[in-house]
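Survey of secondary and tertiary structure
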Amino acid sequence: MTDAAGDRLDSWKEIAAYLKRGTRTVQRWEAEEGLPVRRLQHDKLGSVYAYKKELDAWWASRRPAEERESLVGAESGASIAVLPFTDMSQEKDQGYFCEGMAEEIINALGRPNGLRVASRISSFQFRSSSAGTREIGRKLRVGTILEGGVRKSGNRLRITVQLTNAEDGYQLWSARYDREMSDVFAIQDEIAENVVQALKVTLSPGERAAREKAPTSDVQAYDLYLRGRHYFYHYGTRDIEFARNLFSRAIELDPHYVLAWAGLADCWSYLFLYAQRSDENRRQAEEASRRAVELDPESAQAQASRAVALSLSERNEEAEAAFEKAIRMDPALFEAHYFYARHCFVHGRVEEAVALYERAMQVRPEDYQVPLLMAQIYDDLGRWDVAAETRCRGVEKAEKHLEWNPDDARALYMAANGLVALGERERGLELAERALAMRPDEPMTLYNVGCIYSLLGRVEPAVHCLEKAVGNGLGQKGWFDHDSNLDPIRTHPRFARLMKKLA
């Protein structure tokens, strides 16, 4: 599989298929072949993603020619990354607000057709990073970097911001705003407008009108919404309950706040699926999502939240129509593709699921969940080489995420699953048990660690975790039905009884 010098891979696909058939890891294969074991620099978590250049070339070759050309074209135009603003407040308790400011500017800048904007997750991985603007620009493939700082004291705001050329480090524009909190939306608009002017991007009338539409007229409601989304993205039951309360308080202040209603619907949907499968949670999700859509039928986020809520009642045709409407309205809305893919998987439509996951990965290429979920479907479809490649990508992304978020249980157990499937059994088990120690009663953690135990052949611990997950509120039977990770334990009597309980 190598040339005489032992320095070149003849076929990564061949290696991936070989590793899939056996149990050897990339590192063991290298040792047996007499090759130096190579790892990524600064790889604190022991990545299996050893052949970065070869994999990057393989991944690029999978794209259709027209897509590769469009990527080159996009990179040659105006492009920007908005980094999370620095919290300059004395108490250092405004991190959620700083991230919210940056996210709103990302959303505003993402509307002009002539400007390519790095996604939130891509940009936010450089939170507290020592990397310079040139390195960030190179890694994110953007020409400019927007940075800022926020000092919030009572009702007063001081916001400093600067736009920098990523290639040479020269400042293109900077400003300072000393305003009341009530001016926060005007400040966001001014920043976006100045960036657009500095980059010489022309807005259409429709784009300008969309950007000038404030999400709410109540700044306190906005503050509560930002806090709520901060908790929601942690994907734990307790975090979701915090988020639900914050969204509810935002709605009390502004009953017409569409995004707060959508956020509230998402919380109720999460609780129904992963914590307590009750009619009350389902009803609340449907009511909140319906209200969001009534307030703004043209909100893609509202339509996506409505789709998830409808799926809870098996109103599948309506749910799928809402998912598709959300995607038509905003093809770059990650959540629409991601949750639609999960919906299809639960109903056994794996080909549709993988197509939606592929689109979600194009929208948010830095997300670690999608490639790891896709890899399992590729395995199920017998596409071993693609599965191994995709799984390696997912593990690398999860490890990168964990460098900045070491207490993220979901990233731990998702990476663990990928590692075990790639043959890194001991390392995968270590990460899985770290996640379980962090959240021993969390249904999603229990389910996923149960899957990992199943893959490892640890039948009794696997069944115990799954029983506990269901006992603590997990009730997504469709996932149990179609998750091939559970195939090794399907004949176990306790698992059979568990499936009857879910029926």
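Parameters at a glance
- Residues numbered from 1 in each chain as written.
- Predicted model: local features only at pLDDT ≥ 70, side-chain atom pairs only at ≥ 80, totals over all residues.
- Heavy atoms only, no water.
- Pairing = 2+ DSSP bridges.
- Helix = DSSP H or I, 4+ residues; strand = E, 2+ residues; numbered from the N terminus.
- Core = buried A, V, L, I, M, F, W, Y, C linked by side-chain atoms within 4.5 Å.
- Buried < 20%, exposed > 50% of the residue type's maximum accessible area, 1.4 Å probe, protein only.
- Contact = heavy atoms within 4.5 Å.
- Axes fitted to C-alpha atoms, helices over the stretch in contact; angles between N-to-C directions.
- Parallel < 35°, antiparallel > 145°, perpendicular 65-115°, else oblique.
- Left-handed = near helix turned anticlockwise from the far one by under 90°.
- Nonpolar A, V, L, I, M, F, W, Y, C, P; charged D, E, K, R; others polar.
- pLDDT = per-residue confidence, 0-100.
- Salt bridge = Lys/Arg side-chain N within 4 Å of Asp/Glu carboxyl O.
- Expected span 1.5 Å × (residues − 1).
- Polar contact = N/O pair within 3.5 Å; in protein donor to acceptor, adjacent residues only side chain to side chain.

Brief notes about the pairing of strand β5 (residues 156-165)
- Pairing of strand β4 (residues 144-153) with β5, which is carried by ten bridges, proceeds in the antiparallel orientation. Bridged to Lys152 within β5 is Leu157.
- Turn length for the β4-β5 hairpin, with the two strands adjacent in sequence and antiparallel, is two residues, and the turn residue Gly154 shows positive phi of about 60 degrees.
- Both β5 and strand β6 (residues 171-180) contribute to a ladder of nine bridges, which runs antiparallel. Directly across from Gln162, in β6, lies its bridge partner Ser174.
- Taken together, β5 and the strand that follows it, β6, pair antiparallel across an intervening segment of five residues, in which Gly169 is found at a positive phi of about 80 degrees.

Re the nonpolar core
- Judged by nonpolar contacts, the single largest core of 142 residues is most densely connected at Phe85, Phe97, Leu109, Leu146, Ile191 and Phe480.
- Discounting residues that sit within four places of it in the chain, Ile191 has contacts with Ile105, Leu146, Ile159, Val161, Trp173 and Tyr177.
- If you look at the next biggest cluster of nonpolar residues, it comprises ten residues, including Leu83, Ala118, Ala131 and Val142.

A few points about the pairing of strand β1 (residues 78-82)
- Burial analysis of β1 places four of its five residues in the buried class, which makes it a mostly covered element.
- Pairing between β1 and strand β3 (residues 115-117): three bridges, direction parallel. Along β3, the bridge assignment pairs Ser79 with Arg116.
- When β1 meets β4, the two strands line up parallel, connected through three bridges. The residue of β4 that forms the bridge with Ile80 is Thr144.

Details of the packing of helix α15 (residues 316-329) against helix α16 (residues 334-346)
- Interhelical geometry of α15 versus α16 gives an angle of 155 degrees and a closest axis separation of 9 Å. The angle between the axes of α15 and α16 places the two elements in the roughly antiparallel class. Where α15 crosses over α16, the two elements pack in a sense that is left-handed. When α15 is examined against α16, the residues Asn316, Glu320, Phe323, Glu324, Ala326 and Ile327 are found in contact with a partner set consisting of Ala336, His337, Phe339, Tyr340 and His343.
- Tallied by class, residues from the contact of α15 with α16 come to six nonpolar, three polar and two charged.

Remarks on the environment of Tyr96
- As for its placement among the helices and strands, Tyr96 is situated in helix α5 (residues 95-109).
- You can call Tyr96 buried: its relative accessible area is 8%.
- Along the backbone, Tyr96 and Asp223 are 127 residues apart, and their C-alpha atoms lie at a distance of 8.8 Å.
- Residues in contact with Tyr96, not counting those within four places in the same chain, are Asp223, Leu226, Arg227 and His230.

Quick notes on the confidence of the model for the protein chain
- Residues of the protein chain with pLDDT of at least 70 account for 80%, and the chain-wide mean is 81.
- Overall, residues 1-56 carries pLDDT values under 50, and its contacts beyond four positions in sequence, including any with other chains, amount to 96 contacts.
- Note on residues 203-211: pLDDT under 50 across the span, and 16 contacts to partners over four residues away in sequence or across chains.

Regarding the pattern of salt bridges
- Taken as a whole, this structure holds 25 salt bridges when the rule is applied.
- When the shortest N-O distance is used, the salt bridge between Glu430 and Arg427 registers 2.7 Å. With a gap of three residues between them, Glu430 and Arg427 both fall in helix α21 (residues 425-438), about one helical turn apart.
- Under the relative-accessibility criterion, Glu430 is labelled partly exposed at 40%.
- Overall, Arg427 belongs to the buried group, its relative accessible area being 16%.

Let's talk about helix α14 (residues 300-311)
- Taking 1.5 Å of rise per residue, the twelve residues of α14 would be expected to cover 16 Å, and the 17 Å separating its terminal C-alpha atoms lies within 8% of that figure.
- Burial of α14 is extensive: twelve of the twelve residues sit out of reach of the surface.
- Those residues of α14 lying buried are Ala300, Gln301, Ala302, Gln303, Ala304, Ser305, Arg306, Ala307, Val308, Ala309, Leu310 and Ser311.
- Residues of α14 that are buried make contact with α10 (219-232), α12 (258-274), α13 (279-295), α15 and α16.

Considerations on the side chain of Ser79
- Structurally, the position occupied by Ser79 is in strand β1.
- Take Ser79: its relative accessible area is 4%, and that puts it in the buried class.
- Within the local environment of Ser79, its side chain forms a polar contact with the backbone nitrogen of Gly143, the two atoms lying 2.8 Å apart.
- The residues contacting Ser79, other than those within four sequence positions of it, are Leu115, Arg116, Arg141, Val142, Gly143 and Thr144.

Details of unusual backbone geometry
- For Arg141, which is not a glycine, the phi torsion comes out positive at approximately 60 degrees.
- Along the chain, Arg141 turns up in the loop between α7 (133-140) and β4.
- The class of Arg141 is partly exposed, set by a relative accessible area of 42%.
- For Glu314, which is not glycine, the phi torsion reads 60 degrees and is therefore positive.
- Relative to the helices and strands, Glu314 resides in the loop between α14 and α15.

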